[in-house]
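# Structure at a glance
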Amino acid sequence: MSWAAPPEEDIHLSTSLASYLDKKLLILLRDGRKLLGILRSFDQFANAVLEGACERVIVGEIYCDIPLGLYVIRGENVVLIGELDLEKEEIPQHMTRVPPEEIKRAQKAEREASDLKGTMRQRMEFLED
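The paragraphs below set out a description of the structure included in this document. (Residues numbered from 1 in each chain as written. Predicted model: local features only at pLDDT ≥ 70, side-chain atom pairs only at ≥ 80, totals over all residues. Heavy atoms only, no water.)

### Observations regarding the environment of Phe-45
With respect to the helices and strands, the residue Phe-45 is situated in the loop between β2 (34-42) and β3 (48-59). In this structure Phe-45 comes out as exposed when scored by relative accessible area, which is 56%. Spatially, the C-alpha atoms of Phe-45 and Glu-76 are 7.7 Å apart, while their sequence positions differ by 31 residues. (Helix = DSSP H or I, 4+ residues; strand = E, 2+ residues; numbered from the N terminus. Buried < 20%, exposed > 50% of the residue type's maximum accessible area, 1.4 Å probe, protein only.)

### Looking at the nonpolar core
Among the nonpolar cores identified, the biggest contains ten residues, and these are Leu-17, Leu-25, Ile-27, Leu-29, Leu-35, Leu-39, Ala-48, Leu-50, Ala-53 and Ile-73. Every residue in contact with Ala-53, bar those within four places of it in the chain, is listed here: Leu-36, Gly-37, Ile-66, Pro-67, Leu-68, Gly-69 and Tyr-71. With eight residues, the next largest nonpolar core counts Val-57, Cys-64, Ile-103 and Ala-106 among its residues. (Core = buried A, V, L, I, M, F, W, Y, C linked by side-chain atoms within 4.5 Å. Contact = heavy atoms within 4.5 Å.)

### Topic: the state of the cysteines
Counting across every chain of the model gives zero disulfides. Sulfur of Cys-54: no disulfide; nearest cysteine sulfur belongs to Cys-64 and is 8.9 Å away. Overall, the relative accessible area of 2% leaves Cys-64 in the buried class. (Disulfide = S-S within 2.5 Å.)

Take a look at the structure:
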């Protein structure tokens, strides 16, 4: 029984972003942002162009999709790429969509709470010394 390798172009095609062209994707970036949009182009460095892109911001049980338009993503910032199933609901039913102003206020409150928690932890560590 002999084994034959698949043609080289098949190997590269299956491991590249080509299978995602013209499909709606969710892309997670290194800084934690989540982008949604239709992949229109990419290069050998995984730099990508999304059409109709938006940033999905989630804070607790609320979310907002902030429109970005045509968006270029530098490949080195990409952590994860996933195709969205257009047949299924993208957001769980328990989540509530809010306007950008409200999500920005929620982000600020979350950031302040996190900063306060960090400050309190530093104070507690100081007391333990």
